[in-house]
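Residue strings, one per chain:
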Amino acid sequence: MSTTTAVARSEETGRGKTGEAAPRETRIAWAFLAPFAVLYVLFLIWPVIYMVISSFFNTTLVHKGLGSFAGGANYAEMLSKHEFWVAMWNTIWFTILTVVPLVLLAFVLAILANRVRRGQWFFRLAFFLPFILPSAAIGIIWNFIYTPDSGLWNQVQKWFGNDSPSPVLATPHLAMIGIAIATIWWTIGFNFVLYLAGLQDIPRELYEAAAVDGATPWQQIRSITVPMLSPTTQLVVLLQIIASLKIFDQVYLMTGGGPGISTEVVLQLVTNTAFTDYRVGAASAASVLLFLVILIVALVRVAIDRIRSRKEA
Amino acid sequence: MSTTSAPRRTRGVSAAAPPARQPGSKGSGRSFGIIAWTVLIIFSIIWLIPSFWAIKTSLTANSTASLGAIPIVKDWHLTTASYQTLLKGGDIWQWYLASAVTGVVTVFLSMLVCTMAGYALSRMKFKGSAVMMGLIVLGVMIPGQVLIVPLFALLNQLGILGTYWSVILPQVPQVLAVFVFKHFFDSLPKDFEEAARIDGAGYWQTYTRILLPLSRPVIAAMSIVTFVGVWNNLLLPLFVLTNPKLMTIPVGLATVQGSFGQRYADIQASSILGALPLIILFLIFQRQVVEGVAGSGIKG
């Protein structure tokens, strides 16, 4: 199931081939690779390097070049800045608010949808369609739903007996929850589809054998589906955490970081520092710090994989 | 789904679904089915409400839409006035043009360079392949959006800031597409290529005449996934396309809420118009979209 295993596998085959490389074939191979390799190094690898370098300089958008050497000043500034820690906490809070429901709900809905014989296309359409919409459309749709007082959300709250419901996006402690709900609605289809694909990889014979032994559907799910899906779950959790840590669009479109800075996230602090204050160096330092958090999440996954495979061996 | 197992898998999800009822568990099977259906129906209704709400509002008069939820529900004098205003207004056509140009050019270039790279990595033995493979594996872990600031500086230095190229070129190298193509090529039998080689075909001819036609379904799926990604990208065009005439759909939509004020029906209609090409694409190519997304396993 997991792309990471696919990645690892292709790495091995790639390595296995190098032994018998012919010079002519090497030249042709690089000719085929060159267009991708050039663009890849230029637009993905080099920006990472430049980000790290400029984080140690007083680089600005106003002057050309890197500017004067700043040492660790940009990092010291970020790490001692209240706004940075608020943005970092908001990013993590958003990640917590979205990862848990996005994984659990997608898991449950996929298992149920996989069991129904008819109408699966309808559920797939209902859950997956929002995922292909632009974030800008999501922002428009949900801002309108969250219109204070007369909007759909507050109206439904009134029907349930809350006579003066709080405006979701204008209340500091509710705004991020509102953004998280819109995000769950928007992106659940991705996890749902990954789980449906994972469910297909479970051999049908397992269920048949269990059914012959008299296992109920609930028992089958508990003892076959859930454990067999655990590689999918690991992948979904990892991808979801990384996707949530990169949050920018929804906050930019729905609250602009407000009220105050109560929903400001790291990527927004980065773009504000770079494109409003023109301070590329400081923005790069904040980017590197976010980058490190994401990297740690990815490395934790690798570590878990290692421990697990060692236990199995 | 593992990318490797994708090609041999049966298409319909239902084909692999476990049998709903089995002897010995008939009663609980039925009650399970009813519960599953109920839960799914409730959630799919909840999931459809926001879309329907946007559509209903867009077909309501601006004057009614600004009054709130209850007037919108009660008013069933549907009107397409908002759509007419937007389509006559002109801005949306410019956004469509910008999104279509950047989307189509990016997808074309991306599929070209990624299939070429996948071909080299799958079929050729060469020095440096391990290094390249390692670099690509590394690339999967790099969160592209975090690089917006250095990317901006780079595009500025290259002198293409503010042009379509500044949106197109950074999105051409799609690491996952290379993986998907490499694995697909790995799964193809080599007989055709060997036959072509005997007939005197070079690497380029083998690539264009044999591999590309054989991989049409995979290329279609990856094209759609890439196109959706480019069409929906907000962050990159927002900061690098400084010319308002070159706004893409997401950037244009982001300005709508500020500039349209209380014209809520117009605002909702613009979001639907902005998403419409993707919705049509999805309804036509639903299978390719879903398989492409699940097959690539990682997005963004």
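Quantities reported herein were computed from a predicted structural model and do not represent experimental measurements.

### Details of the overall build of chain B
In terms of helices and strands, chain B carries 17 helices and zero strands. Out of the 300 residues in chain B, the part that is buried amounts to 47%. Restricting the contact set of chain B to residue pairs at least 6 apart, pairs at least 24 apart contribute 74%.

### Remarks on the overall build of chain A
A tally of regular secondary structure across chain A gives 14 helices and zero strands. Starting at the N terminus and ending at the C terminus, chain A contains elements arranged as α-α-α-α-α-α-α-α-α-α-α-α-α-α. Across its three principal axes, chain A shows a C-alpha extent of roughly 75 × 75 × 35 Å. For chain A, the proportion of its 313 residues judged to be buried stands at 48%. Nonlocal contacts in chain A, meaning residues at least 24 apart in sequence, comprise 70% of its contacts between residues at least 6 apart.

### Remarks on the domain arrangement of chain B
Residue and element names in this part refer to chain B. In terms of domains, chain B is made up of domain 1 (26-83) and domain 2 (86-296). A separation of 33 Å is found between the C-alpha centroids of domain 1 and domain 2. Of the residues lining the interface, 11 residues belong to domain 1; the matching set on domain 2 comes to 11 residues.

### Side note on helix α2 (residues 23-54) of chain A
Relative to the 46 Å expected for 32 residues at 1.5 Å per residue, α2 of chain A spans just 39 Å between its end C-alpha atoms, considerably shorter than the ideal helical length. Helix geometry: α2 of chain A is bent most strongly at L33 of chain A, by close to 50°, with proline P35 of chain A lying one to four residues after it.

### Things to note about the interface of chain B and chain A
Contacts between chain B and chain A engage 104 residues on the former and 106 residues on the latter. Per-element accounting of the side of chain B that touches chain A gives the leading share, 15 residues, to helix α2 (residues 26-58) of chain B. Broken down by class, the residue content of the side of chain B that touches chain A amounts to 74 nonpolar, 25 polar and five charged.

### Comments concerning the confidence of the model for chain A
Residue-level pLDDT values for chain A average 87, and 93% of them are 70 or greater. Counted against residues more than four places away or in other chains, residues 1-19 of chain A, with its pLDDT under 50, gives 39 contacts.

### Things to note about the nonpolar core
Formed by 174 residues in total, the largest nonpolar core has its most connected members in F36, F192, V193, Y195 and A286 of chain A together with A117 of chain B. It is helix α8 (residues 172-200) of chain A that contributes the most residues to this core, 16 residues altogether. Each of domain 1 (26-83) and domain 2 (86-296) of chain B contributes no fewer than three residues to this core. Setting aside anything within four residues of it in sequence, one finds Y195 of chain A in contact with A106, F107, A110, L229, T232 and V236 of chain A.

### Examining the environment of N156 of chain B
Take N156 of chain B: it is sitting in helix α8 (residues 148-158). With 10 residues separating them along the chain, N156 of chain B and S166 of chain B place their C-alpha atoms 9.0 Å apart.

### Points about the confidence of the model for chain B
Residues and elements named next belong to chain B. Mean pLDDT over chain B stands at 84; residues scoring 70 or higher make up 88%. Across residues 1-25 the pLDDT falls below 50, and counting only partners more than four positions away or on other chains, this stretch makes 61 contacts in the model. For this predicted complex, the interface confidence comes out at an ipTM of 0.84, alongside a pTM of 0.86.

### Some words on the environment of T95 of chain A
Residue and element names in this part refer to chain A. Within the fold, T95 resides in helix α4 (residues 82-115). Residue classification places T95 among the buried residues on the basis of 22 C-beta atoms within 10 Å. T95 sits 68 residues away from R27 along the chain, and the two C-alpha atoms are 46 Å apart. Other than its neighbours up to four places away in sequence, T95 contacts I241, S244 and L245.

### What about the packing of α2 of chain A against helix α14 (residues 280-312) of chain A?
All names here are of chain A. Where α2 contacts α14, the two axes come as close as 8 Å, and the packing angle between them is 115°. In terms of orientation, α2 and α14 fall into the roughly perpendicular class. Between α2 and α14 the crossing geometry is left-handed. Contacts between α2 and α14 involve M51, V52 and S54 on the former and, on the latter, V280, G281, S284, S287 and V288. Grouping the amino acids of the contact of α2 with α14 by side-chain chemistry returns four nonpolar, four polar and no charged.

### What to know about the environment of V178 of chain B
Examined against the element boundaries, V178 of chain B turns out to sit in helix α10 (residues 175-187). Taking the C-alpha atoms as reference points, V178 of chain B and L121 of chain B, 57 residues apart in sequence, are found 8.9 Å from one another. Those residues in contact with V178 of chain B, other than ones at most four positions away along the chain, are F36 of chain A together with C114, A117, G118 and I136 of chain B.

### Structural notes on unusual backbone geometry
All names here are of chain A. A cis geometry characterises the amide bond from G258 onward to P259, with omega recorded as -5°. Along the polypeptide, P259 turns up in the loop between α12 (249-254) and α13 (266-275). For D149, which is not glycine, the phi torsion reads 70° and is therefore positive. Looking at the secondary structure, you find D149 in the loop between α6 (135-145) and α7 (152-159). Positive phi, close to 60°, is recorded for Y278, a residue that is not glycine. In this fold, Y278 is placed in the loop between α13 and α14. Residue class for Y278 comes out partly exposed when judged on the 14 C-beta atoms lying within 10 Å of it.

Procedures and definitions
- Residues numbered from 1 in each chain as written.
- Chains lettered and ligands numbered in written order.
- Predicted model: local features only at pLDDT ≥ 70, side-chain atom pairs only at ≥ 80, totals over all residues.
- Helix = DSSP H or I, 4+ residues; strand = E, 2+ residues; numbered from the N terminus.
- Buried ≥ 20, exposed ≤ 12 C-beta atoms within 10 Å, placed from the backbone.
- Contact = placed C-beta atoms within 7 Å.
- Domains from an automatic or database assignment.
- Expected span 1.5 Å × (residues − 1).
- Bend = angle between axes of the 7 residues up to and from the residue.
- Nonpolar A, V, L, I, M, F, W, Y, C, P; charged D, E, K, R; others polar.
- pLDDT = per-residue confidence, 0-100.
- Core = buried A, V, L, I, M, F, W, Y, C linked by C-beta atoms within 7 Å.
- Axes fitted to C-alpha atoms, helices over the stretch in contact; angles between N-to-C directions.
- Parallel < 35°, antiparallel > 145°, perpendicular 65-115°, else oblique.
- Left-handed = near helix turned anticlockwise from the far one by under 90°.

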